[in-house]
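What follows is the residue order along each chain.
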Amino acid sequence: RKLNTSMYAKSWFVAAVACGLTGADAFMAAPALTRANVRVTSASARTGVAPLRNPLAARKSKTARGAASGLSKMQMAKVKAEYIWVGGRGGGGDDYRSKTRVLDSMPTSVSELPLWNYDGSSTGQAPGADSEIFLQPAFMCKDPMREGDHILVLCEMLLPDMTPIKESTRTLADAIFKQAPEEIPWFGIEQEYTLFQDGRPMGWPASTARPFNRGPDPMFQFGYPGPQGAYYCAVGADVAFGRLICEKHLDLCLAAGLNVGGINGEVMPGQWEYQVGPCVGIEAGDHMHVSRFLLNRVCEEAGIIASFDPKPMPSDDWNGAGCHTNFSTKKMREDGGYEIIKDACEKLGKNHQKHIRLYGEGNERRLTGNCETNSIDSFKWAVADRGASIRIPRFTARDNKGYMEDRRPSSNVDPYVVSSLIFDTCILNGDTKVFDGYEAKSVTTK
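Residues numbered from 1 in each chain as written. Predicted model: local features only at pLDDT ≥ 70, side-chain atom pairs only at ≥ 80, totals over all residues. Heavy atoms only, no water.

Asks: Help me understand the state of the cysteines, please; the structure alone is not making it clear to me.
Replies: Where two cysteines share a covalent bond between their sulfur atoms, that bond is called a disulfide. Under the criterion given, the structure shown has zero disulfides. Here Cys426 stays unpaired: no disulfide links it, and the sulfur of Cys345, its closest cysteine neighbor, is 7.3 Å away. (Disulfide = S-S within 2.5 Å.)

Pasting the structure below:
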C-alpha cells in the first residue's frame, strides 16, 4: 500500500528523535505530528494564541475563582506576561532572566506585545552609564506555571538603534533561515542535562568515607555508583535519580504547547534527556530556549540545579552531556535524499573547526573519542556509528532518504547558532560570517 510521503517522513523523524528506536516497525507506528498540534506563536508566523489548560492541577472556573477572591471582571481580564531573555553568560541554558508585565488583555499575536527594557548593567550586558537594553517580543506561548490564562514571552535583546546585542543570536539565525524557506528544514534537538543537589549529581554520594580493605582510591566510596550500563532508561530508586523533575518538566512543556517529543534517563546517574522537535527553522531555537527556561524553573522550586555542563564528571568512565541535533530538508526526506545527505556531510567535514568553535563552551572535555564521541580534532560520518561526528541512521541508508544526526554539539550550545549554522553549511553557501564575533559562554561544572 502506498503511504503518504509527507506523513510517513515526519512520523518517522519524530519517532527517531523522541525514542532513539532501532526497529523499522517503531517508525511506522508513530503518529504524524503536524504544525496544527502545536498551539504557539512565533514572530515569523504572527498567528494567534489559543491558551492551553494546565493539566497539572484542577482549576476553578473563572467565574467561581473571581467570586471567591472578590476580583472584578476588569481585574480578572488582566494577563501576566513573563518576559524572558538571555543574560550575559549567553544562550547556553544557565543564564535566563525574566520579569512580569501585567497586560490589560490577552494579545492575539506576538506583534501586539509591547516593547520593554531592562538594566543591562546588572546582567553583564551594558555599562551603567548607558544601561537600558530593549526587550523585543519574538515568541509567546501559554505559561504553564501559573493558573489562569497567562503567557511566556521569549524576547530578543536590542540596543537603542534596534540592532541585537551579542547574546541575542535569534535575529542572526532567522536571517539565515529566511534565505531559503522553501527547503523546510526540520530540526530535532536532544537536550541532555545533569541534576545537581547539594553540590553533586543526584545519585552520587555525599560522604568521602571509603570501604575497608579497598585501598586509598577515593573513587571507592560508600554509595558510589557502579559502572555505566545500569542507568540508561533505567527504572528503580537505585538507578534512576530525579525522575519527578524530568516528568514535571515534560508536563509543563506540553501544557505550554511546546513541541517536545519525549524524555529518557541517560547513561550517567542523575543525567536526563528530553527532545525538542521536529521544529521548522527558527522555531527549534524558540522551543528549546523556553523549554530550558521551564526546566530551570522546575528545578528552582525543588531546590535542585539543572547543569548543562558538557562533562560534569571529569573522567572517561562517565559520559558527558550533549545536544545532538537531527536535521533534514524537504529534499532529504524525499526519494533519493540520501545523496543530498551525504553531500551535506562532506560540507560539514570541510567546516568542522568553524562548527566546533560555536558548538558549546568546554566541549573539548567531552569530545575525547571515548564515551560515544569522536575526537574534537577529527571528523567522520558513518551509518549507525555513535562514535562518529555525524551519524546516519540505518533507516536513512536503507530507504535512500531521511535525516542525519550531528553528535558534536554540547549540552550548553546556543540552539539558534547550531541550527542556523548547520542550515547555512549544508544548504546555503556555507560562508556565513554573522557569528564570527560570537564566542559561546556557558557553565562550568556545578
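Now that the structure is up, let's keep going.
Asks: What exactly am I supposed to notice about the environment of Glu334 here?
Replies: With respect to the secondary-structure elements, Glu334 resides in the loop between strand E12 (323-328) and helix H8 (337-350). For Glu334 and Asn400, which are 66 residues apart along the polypeptide, the C-alpha to C-alpha distance reads 8.4 Å. (Helix = DSSP H or I, 4+ residues; strand = E, 2+ residues; numbered from the N terminus.)

Asks: Whenever I open this one, empty space enclosed by the protein confuses me. Can you help?
Replies: One way to see where empty space is left: roll a probe the size of a water molecule over the atoms. For the structure on display, the rule yields four cavities of 30 Å³ or more. In this structure, the largest cavity encloses a volume near 90 Å³. Along the walls of the largest cavity sit 14 residues, with Val86, Cys155, Met157, Arg170 and Tyr416 positioned nearest its centre. For the lining of the largest cavity, the elements supplying multiple residues, two or more each, are strand E2 (79-86) and strand E6 (151-158). Considering each element in turn, the lining of the largest cavity owes the most residues, four residues, to E6. Across the lining of the largest cavity, the residue classes tally to seven nonpolar, three polar and four charged. (1 Å grid on protein atoms, 1.4 Å probe; cavity = no way out; pocket = protein on both sides within 12 Å on 5 of 7 lines; lining within 4 Å. Points joined across faces, edges and corners; volume = space filled by probe spheres on them. Nonpolar A, V, L, I, M, F, W, Y, C, P; charged D, E, K, R; others polar.)

Asks: I keep staring at the environment of Leu428 and nothing clicks. Help me out?
Replies: Relative to the elements of secondary structure, Leu428 occurs in the segment after helix H11 (415-426). By relative accessible area, which is 16% here, Leu428 ends up buried. Discounting chain neighbours no more than four positions away, the residues touching Leu428 are Ile176, Gln179, Ala180 and Phe423. (Buried < 20%, exposed > 50% of the residue type's maximum accessible area, 1.4 Å probe, protein only. Contact = heavy atoms within 4.5 Å.)

What is shown is where atoms sit, not what they do.
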